[in-house]
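Descriptive analysis of the structure
Here are the chains, one letter per residue:
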Amino acid sequence: MNDYIIRATAANDQIRAFAAVTTEMVETAREHHNTSPVATAALGRLLTAGAMMGSMMKGEKDVLTLQIKAGGPLQGITVTADSQGNVKGYVGNPDVCIPANSKGKLDVAGAVGPGFLTVIKDMGLKEPYSGQVMLQTCEIAEDLTYYFATSEQIPTVCALGVLINKEDGEVMLAGGLLIQLLPGAFEDTIEKLEKNLETLEPVTTMLAKGMSILDICKTALAGFEVEVLDEYPVKYVCTCSREKLERLFCTMSDDEIRAMPDENGRVVANCHFCNKKYIFNKEDLEKIIKEKNSKDNTSKDKKSKE
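Summarised in this report is the structure supplied together with it.

Quick notes on the rules
- Residues numbered from 1 in each chain as written.
- Predicted model: local features only at pLDDT ≥ 70, side-chain atom pairs only at ≥ 80, totals over all residues.
- Heavy atoms only, no water.
- Pairing = 2+ DSSP bridges.
- Helix = DSSP H or I, 4+ residues; strand = E, 2+ residues; numbered from the N terminus.
- Contact = heavy atoms within 4.5 Å.
- Axes fitted to C-alpha atoms, helices over the stretch in contact; angles between N-to-C directions.
- Buried < 20%, exposed > 50% of the residue type's maximum accessible area, 1.4 Å probe, protein only.
- Patch = residues over 30% accessible without salt bridge, like charges linked within 9 Å, V, L, I, M, F, W, Y side chains within 5 Å.
- Areas by Shrake-Rupley, 256 points an atom, 1.4 Å probe, with all protein chains shown as cover.
- Salt bridge = Lys/Arg side-chain N within 4 Å of Asp/Glu carboxyl O.
- Disulfide = S-S within 2.5 Å.

**Overview of the sheet that holds strand β11 (residues 235-236)**
- Judged by pairing direction, the sheet is mixed, and its 6 strands sit side by side in the order β7-β6-β3-β4-β5-β11 without closing on themselves. Both edges of this open sheet fall to β7 (129-134) and β11, since each of them pairs with a single strand only.
- In terms of strand pairing, strand β3 (residues 63-70) meets strand β4 (residues 77-82) through 6 bridges, oriented antiparallel. Counted as the bridge partner of I68 is I77 from β4.
- The strands touched by helix α4 (residues 141-151) are β6 (115-122) and β7; relative to β7, the strand with the most contacts, the crossing angle is about 120°.

**Let's talk about the sheet that holds strand β10 (residues 226-233)**
- One open sheet holds the 5 strands; their spatial order is β8-β9-β2-β1-β10, and the pairing between them is antiparallel. Each edge of the open sheet is held by one strand with a lone partner, namely β8 (156-164) and β10. When strand polarity is set aside, the average angle formed by the axes of neighbouring strands in this sheet is 10°.
- Pairing between strand β1 (residues 4-10) and strand β2 (residues 15-21): 7 bridges, direction antiparallel. Looking at the pairing, I5 lines up with A20 of β2.
- In this fold helix α2 (residues 37-54) packs onto β1, β2, β8 and β9 (171-181), with an angle of close to 140° to the strand it touches most, β8.

**Things to note about the pairing of strand β5 (residues 86-91)**
- Of all 6 residues in β5, 5 are buried, a share of seventy percent or more.
- By the bridge criterion, 5 bridges tie β4 to β5 in an arrangement that is antiparallel. Considered in β5, the bridge of T80 is made with K88.
- Hairpin connection between β4 and β5: a loop of 3 residues separates the two successive antiparallel strands, and G85 in this loop has a positive phi of roughly 90°.

**Structural notes on a nonpolar patch on the surface**
- A surface patch of nonpolar side chains, about 280 Å² in accessible area, is lined by M123, L125 and Y129.
- Checked against the element boundaries, Y129 lands in strand β7.

**Observations concerning the environment of M52**
- Note that M52 resides in helix α2.
- By relative accessible area, M52 is classed as buried at 0%.
- Taking C-alpha positions, M52 is 10.0 Å from G175, a pair spaced 123 residues apart along the chain.
- Once residues lying within four places of it in the same chain are set aside, the contact partners of M52 are I5, F18, A19, A20, L160, G176, L177 and L178.

**So, the pattern of salt bridges**
- A full pass over the atoms with the stated rule returns 9 salt bridges.
- The salt bridge partner of R7 is D230, with a shortest N-O separation of 2.9 Å. Taken together, the residues R7 in strand β1 and D230 in strand β10 connect sequence positions 223 residues apart.
- Assessed through its relative accessible area of 25%, D230 is described here as partly exposed.

**Considering helix α1 (residues 23-33)**
- Those residues of α1 that sit buried are T23, M25, V26, E27, A29, R30 and H33.
- Buried residues in α1 make contact with β2, α2, β5, β8, β9 and β11.

**Notes on the state of the cysteines**
- Scanning all chains against the criterion turns up 0 disulfides.
- The thiol of C158 is unpaired, and the distance to the nearest cysteine sulfur, on C217, comes to 13 Å.
- For C158, a relative accessible area of 10% gives the class buried.
- The closest cysteine sulfur to the non-disulfide-bonded C238 is located on C271, 3.4 Å from its own sulfur.

**With respect to the environment of E170**
- Topologically, E170 is positioned in the loop between β8 and β9.
- Judged by relative accessible area, E170 falls into the partly exposed class, the value being 38%.
- Residues E170 and K244 lie 74 residues apart in sequence; the distance between their C-alpha atoms is 32 Å.
- When near neighbours in sequence (up to four residues on either side) are disregarded, E170 contacts E27, R30, L163, I164 and N165.

Below, the structure written as structure tokens:
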């Protein structure tokens, strides 16, 4: 089953909905970070939320960042997403292992712990938009619901689910649903939607029954005419590269670059998002310094001629 997301409206534009199946994306994240089951569940929930919230953004270069900074053993979560369905993320402690909660399920709330959720939207303006709320349940979905209600004043219901194989820790199913009431929604629309949501099964339960995300969306919006606006793939994508690191080094002074190598004469850089390792030896660094200075001198020559 390929991951994808749909955007839809209902009740003559009184409701907008986002639904996503993210099984492959969350499994890719698990493989990159070798996360424990509870870490996979927590990261998978926020990745799925990021995919849906990223689809709300309009510009091709817009970037959404979700950050959870909390006191639990997971040591926080960071997720970034764009409007094209490209998502990536990581947790502070991928090895966290704690007992199940009182319901016998993975204790995501216990792993996350009390803290704050920050939503940053970089839309190419002078300053990115940033909103922050205190975590209410630490289960992530309810915390996002609270964020939308307080920071954006949009009544929202968010459902997120990650089903993990108890034997090997692999992701069996993952997905999410996000429904929002738009300004001017009628009271009877609100009441009907609330009744639907009261009996709605968990997202992974519905996926396990073979329901598509459109089926899930229509179930949540039963009694309303649903119009699908678009549908597109969602995937885990990391854009790190050796070239980007070299450009970063070029912002440093020559002395700072030369002071970077470890006792073995190497600089080892690991990408937080995909765990890819980049190694630079002293010869590589000297080459970067030479190219950097050459570009600086060329730029100075151009300015002097002007």
